[in-house]
Amino acid sequence: MGGKGEAKPGLRGLQLRKAWLSGPFCFLHLGPRHFRQTGESRVSLLAGAISGALRLRGGSPRRRPQPVLGRQALLQRGRGVVRGRGVGVAWAWLPSRLCPPTPQQLPPPPAARTEGAVLPPPARPGACEPGLRWARMSGFLEELLGEKLVTGGGEEVDVHSLAARGISLLGLYFGCSLSAPCAQLSASLAAFYGRLRGDAAAGPGPGPGAGASAEPEPRRRLEIVFVSSDQDQRQWQDFVRDMPWLALPYKEKHRKLKLWNKYRISNIPSLIFLDATSGKVVCRNGLLVIRDDPEGLEFPWGPKPFREVIAGPLLRNNGQSLESSSLEGSHVGVYFSAHWCPPCRSLTRVLVESYRKIKEAGQKFEIIFVSADRSEDSFKQYFSEMPWLAVPYTDEARRSRLNRLYGIQGIPTLIVLDPQGEVITRQGRVEVLNDEECRGFPWHPKPVLELSDSNAVQLNEGPCLVLFVDSEDDGESEAAKQLIQPIAEKIIAKYKAKEEEAPLLFFVAGEDDMTDSLRDYTNLPEAAPLLTILDMSARAKYVMDVEEITPPLWRPL
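Structure report, in brief. These numbers were taken from a predicted model, which means no experiment stands behind them.

### Focus: the overall build of the chain
Moving on, step 1. The secondary structure content of the chain amounts to 15 helices and 23 strands.
Moving on, step 2. Counting every position in the chain, which comprises 557 residues, the buried fraction comes to 52%.
Moving on, step 3. Summarising the internal contacts of the chain: among those between residues at least 6 apart in sequence, 68% fall at separations of at least 24.
Moving on, step 4. When the accessible surface of the chain is totalled, it reaches about 25900 Å², and 50% of it is carbon and sulfur.

See the structure below:
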């Protein structure tokens with residue numbers, strides 16, 4: 001069924017095997033699996049499976065996965081998900097929830113680097129720091145974008161030339177030729193791009209090595225790369241032909257998919273800005289940048305402290321005005337909502353009660369309403385139901401800056417801040433709905449969540465590890481959480497130290513209607529315990545059956 005695998009030493013002597021099959025599945029085959037061993041062995045094994053699946057997500061398949069079929073259909077074709085219980089980890093596509101869809105097929109692995117690649121210029125005396133910066137930037141850009149980009153005219157541009165030009169900001173423009181909003185953005189973005197580069201007819205810049213000796217003006221240190229979800233090459237060519245910036249080659253479908261997933265793009269058009277040296281996200285909502293700063297005067301649009309962004313008068317629904325300095329020493333909930341949005345109105349009713357309970361408990365807490373209403377009358381009507389503060393509707397600039405600061409892509413969104421203005425959680429909506437008595441306030445994130453109707457929306461935010469258990473067994477859910485928690489904490493701490501988001505969210509799922517719906521949607525078997533990694537945006541899943549979960553032995557990994 002499968003070709004030769006690529007064996008890698010696993011934890012505690014286990015062998016983790018990667019193989020790409022002739023059918024639509026890829027198996028991670030683990031050697032003898034002893035889930036009845038001590039807790040440390042089982043936790044190590046689980047950690048190895050997770051890290052293997054994460055490595056696999058970034059790998060390059062030799063076969064093109066096909067849309068996932070039902071279990072029975074696969075068995076009839078002789079390609080069952082598993083042959084016996086607990087055989088391996090299966091990989092398959094899931095239905096797409098993006099519109100328009102992301103690429104449905106992955107290309108063969110990219111060729112190895114060819115000779116003649118552009119190398120860093122020889123170091124000059126006193127040029128160590130610029131040389132190191134060049135090397136870091138060059139390495140990051142190649143890892144992110146590959147070796148080659150293309151211009152609208154189809155000419156190849158070496159990625160290293162971007163580092164040679166000394167760009168400081170990289171914009172990733174996610175779009176599709178079939179989308180009318182993308183066509184509108186392309187027109188306004190072209191004018192914006194030309195103004196920032198000092199040339200209304202700006203092209204994608206000089207070729208490899210050109211301009212390396214001259215120090216570009218700060219606002220010229222911007223480059224944009226188009227990341228398309230087109231599935232027709234001719235439509236893609238027609239769309240990129242007039243773009244003055246660069247684009248990922250059409251054939252780089254696998255890399256495009258990784259970028260969509262890495263930055264959790266859920267709608268188009270989307271424009272995000274990255275620091276070209278460190279790779280950190282500078283701004284998640286570039287569309288607002290184009291609207292609010294058309295001349296690029298605030299370049300490079302880095303995040304500002306909450307205290308600075310919120311500065312100014314705030315309103316109560318009785319007309320009273322307070323200065324933002326009154327928020328000092330308080331936890332703050334920044335509530336993005338609108339009257340025209342039914343889920344927003346439902347959440348507001350619950351949030352009013354939560355706000356009252358938190359205040360009655362003596363906690364210093366305030367909420368600031370940031371309206372997305374379409375008229376001031378709608379804002380006033382909606383705000384009349386709220387006992388907290390609001391940014392004045394007429395202060396559109398401040399409302400927009402708050403949207404930019406937190407990269408808001410949908411409402412309702414409730415972001416909870418500590419008294420220093422640092423984000424505690426972006427999932428305030430989920431926390432309020434799950435904790436009606438507000439016992440967990442201020443809702444510091446938990447490493448492992450129990451899947452429920454209210455937090456299931458987080459499954460769409462990125463890759464999620466879900467351990468399905470038989471909740472009718474006493475202590476099964478708690479044992480499952482204890483099994484996953486040390487791994488989750490270790491992964492979260494590792495990425496927090498790098499100021500990055502963890503690549504996984506962690507869930508335990510019992511037996512209820514939500515779990516049944518998730519199994520049906522993802523074509524998962526009814527087995528329990530069942531370990532999965534679900535990646536909705538990439539439409540992929542990884543599955544491992546296990547036979548038993550027993551209380552883990554608490555030892556450091």
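### Observations regarding the nonpolar core
Proteins that are soluble and globular tend to have nonpolar side chains buried together.
Moving on, step 1. Counting 56 residues, the largest nonpolar core has Leu145, Leu172, Tyr173 and Phe174 as the members making the most contacts within it.
Moving on, step 2. Counting 24 residues, the second-largest nonpolar core is a separate cluster that includes Leu347, Ile358, Phe379 and Val416.

### A short note on the side chain of threonine 425
Moving on, step 1. Here threonine 425 is to be found in strand S18 (residues 423–425).
Moving on, step 2. A relative accessible area of 6% means that threonine 425 is categorised as buried.
Moving on, step 3. Among residues more than four places away in sequence, those in contact with threonine 425 are Leu414, Ile415, Val416, Pro442, Trp443 and Pro445.

### A closer look at the pattern of salt bridges
Moving on, step 1. Inspection of every chain in the model, using the stated rule, returns 16 salt bridges.
Moving on, step 2. Between aspartate 158 and lysine 148 there is a salt bridge whose closest N-O contact spans 3.4 Å. Remark: lysine 148 occurs in strand S5 (residues 148–150) and aspartate 158 occurs in strand S6 (residues 156–158); sequence separation between them is ten residues.
Moving on, step 3. Given a relative accessible area of 6%, aspartate 158 falls into the buried group.
Moving on, step 4. Its salt-bridge partner being arginine 398, residue aspartate 395 comes within 2.8 Å of it at the nearest N-O pair.
Moving on, step 5. Residue arginine 398 is classed as buried on the basis of its relative accessible area of 1%.
Moving on, step 6. If you follow the salt bridges from partner to partner, you end up with Arg291, Asp292, Glu298 and Arg404 in one network.

### Comments concerning unusual backbone geometry
Moving on, step 1. With an omega of 0 degrees, the peptide bond running from isoleucine 411 to proline 412 counts as cis.
Moving on, step 2. Along the chain, proline 412 turns up in the loop between helix H12 (396–406) and strand S17 (413–417).
Moving on, step 3. With an omega of 10 degrees, the peptide bond running from phenylalanine 441 to proline 442 counts as cis.
Moving on, step 4. Mapping proline 442 onto the fold places it in the loop between helix H13 (428–434) and strand S19 (449–450).
Moving on, step 5. Notably, tryptophan 301 is not glycine yet its phi reads approximately 60 degrees, a positive angle.
Moving on, step 6. Topologically, tryptophan 301 is positioned in the loop between helix H8 (286–292) and helix H9 (306–310).
Moving on, step 7. The backbone of cysteine 438 sits at a positive phi, close to 60 degrees, despite the residue not being glycine.
Moving on, step 8. Tracing the backbone through its elements, the reader meets cysteine 438 in the loop between H13 and S19.

### As for the environment of tryptophan 245
Moving on, step 1. You can see tryptophan 245 is positioned in the loop between helix H6 (233–240) and strand S9 (246–247).
Moving on, step 2. Assessed through its relative accessible area of 1%, tryptophan 245 is described here as buried.
Moving on, step 3. When the C-alpha positions of tryptophan 245 and tyrosine 193 are compared, they lie 8.2 Å apart, and in sequence the two are 52 residues distant.

### What about a negative patch on the surface?
Moving on, step 1. A contiguous patch of negative charge, built from Asp453, Glu511, Asp512, Asp513, Asp516, Asp520 and Glu526, is present on the exposed surface.
Moving on, step 2. For aspartate 453, the position within the fold is in the loop between S19 and strand S20 (464–468).

### Considering the pairing of S17
Moving on, step 1. A large share of S17 lies buried, amounting to five of its five residues.
Moving on, step 2. A two-sided burial pattern is seen for S17, the buried positions comprising Thr413, Ile415 and Leu417 on one face and Leu414 and Val416 on the other.
Moving on, step 3. Bridge count for strand S14 (residues 331–337) against S17 is five bridges, and the pairing is antiparallel. Residue pairing across strands places valine 334 opposite isoleucine 415, the latter belonging to S17.
Moving on, step 4. Two successive antiparallel strands, S17 and S18, enclose a turn made up of five residues, where glycine 421 displays a positive phi of approximately 90 degrees.

### Details of the side chain of glutamate 366
Moving on, step 1. Along the chain, glutamate 366 turns up in strand S15 (residues 365–371).
Moving on, step 2. We classify glutamate 366 as buried; its relative accessible area is 6%.
Moving on, step 3. Of the polar contacts made by the side chain of glutamate 366, one reaches the side chain of arginine 316; its length is 3.4 Å.
Moving on, step 4. Those residues within four positions of glutamate 366 in sequence are excluded, and the remaining contacts are Arg316, Leu327, His331, Val332, Gly333, Tyr355, Lys359, Trp388 and Leu389.

### Some remarks on helix H14 (residues 476–497)
Moving on, step 1. With 22 residues, H14 extends 32 Å from end C-alpha to end C-alpha; this agrees with the ideal 32 Å at 1.5 Å per step.
Moving on, step 2. Largest kink in H14: about 35 degrees, centred on isoleucine 484, with the proline proline 486 one to four residues after it.
Moving on, step 3. What H14 keeps buried is the set Glu476, Ser477, Ala479, Ala480, Lys481, Leu483, Ile484, Pro486, Ile487, Ala488, Ile491 and Tyr495.
Moving on, step 4. Of the residues one or two after H14, glutamate 499 is the one with positive phi, at around 55 degrees.

### Considerations on the packing of aromatic side chains
Moving on, step 1. The full count for this structure, using the stated rule, is 21 aromatic pairs.
Moving on, step 2. Ring geometry for phenylalanine 273 against tryptophan 301: centres 4.9 Å apart, planes inclined by 35 degrees, an arrangement best described as tilted. On the criterion of sequence distance, the pair formed by phenylalanine 273 in strand S10 (residues 270–275) and tryptophan 301 in the loop between H8 and H9 is long-range, its members being 28 residues apart.
Moving on, step 3. Classification of tryptophan 301 by relative accessible area gives buried; the value is 4%.
Moving on, step 4. Where phenylalanine 299 meets tryptophan 301, the ring centres are 5.1 Å apart and the plane angle is 80 degrees; that geometry is what we call edge-to-face.
Moving on, step 5. Sitting over the face of the ring of tryptophan 340, arginine 374 holds its NZ or CZ atom 4.2 Å from the ring centroid.
Moving on, step 6. The ring of tyrosine 393 has arginine 399 lying over it, and the distance from NZ or CZ to the ring centre is 4.4 Å.

### Some details on the pairing of S10
Note on strand geometry: in a regular strand, side chains alternate between the two faces of the sheet.
Moving on, step 1. Here S10 lies mainly inside the structure; five of its six residues are buried.
Moving on, step 2. Note: strand S7 (residues 169–175) against S10, six bridges, orientation antiparallel. Residue pairing for S10: leucine 172 is matched across the bridge by isoleucine 272.
Moving on, step 3. Sheet topology places S10 next to strand S11 (residues 281–283); two bridges connect them, and they run antiparallel.

### Let's talk about a positive patch on the surface
Moving on, step 1. A surface patch of like charges, here positive, comprises Lys258, Lys262, Lys490, Lys494 and Lys498.
Moving on, step 2. Elements with a contribution of two residues or more to the positive patch: helix H7 (253–262) and H14.
Moving on, step 3. Inspection of the secondary structure assignment puts lysine 262 in helix H7.

Calculation rules
Residues numbered from 1 in each chain as written. Predicted model: local features only at pLDDT ≥ 70, side-chain atom pairs only at ≥ 80, totals over all residues. Heavy atoms only, no water. Helix = DSSP H or I, 4+ residues; strand = E, 2+ residues; numbered from the N terminus. Buried < 20%, exposed > 50% of the residue type's maximum accessible area, 1.4 Å probe, protein only. Contact = heavy atoms within 4.5 Å. Areas by Shrake-Rupley, 256 points an atom, 1.4 Å probe, with all protein chains shown as cover. Core = buried A, V, L, I, M, F, W, Y, C linked by side-chain atoms within 4.5 Å. Salt bridge = Lys/Arg side-chain N within 4 Å of Asp/Glu carboxyl O. Patch = residues over 30% accessible without salt bridge, like charges linked within 9 Å, V, L, I, M, F, W, Y side chains within 5 Å. Lys, Arg positive; Asp, Glu negative; His and termini not counted. Charge placed at Lys NZ, Arg CZ, Asp CG, Glu CD. Pairing = 2+ DSSP bridges. Polar contact = N/O pair within 3.5 Å; in protein donor to acceptor, adjacent residues only side chain to side chain. Expected span 1.5 Å × (residues − 1). Bend = angle between axes of the 7 residues up to and from the residue. Phe/Tyr/Trp six-rings, centres within 6.5 Å; stacked < 30°, edge-to-face > 60°. Lys NZ or Arg CZ within 6 Å of the ring centre and 35° of its normal.

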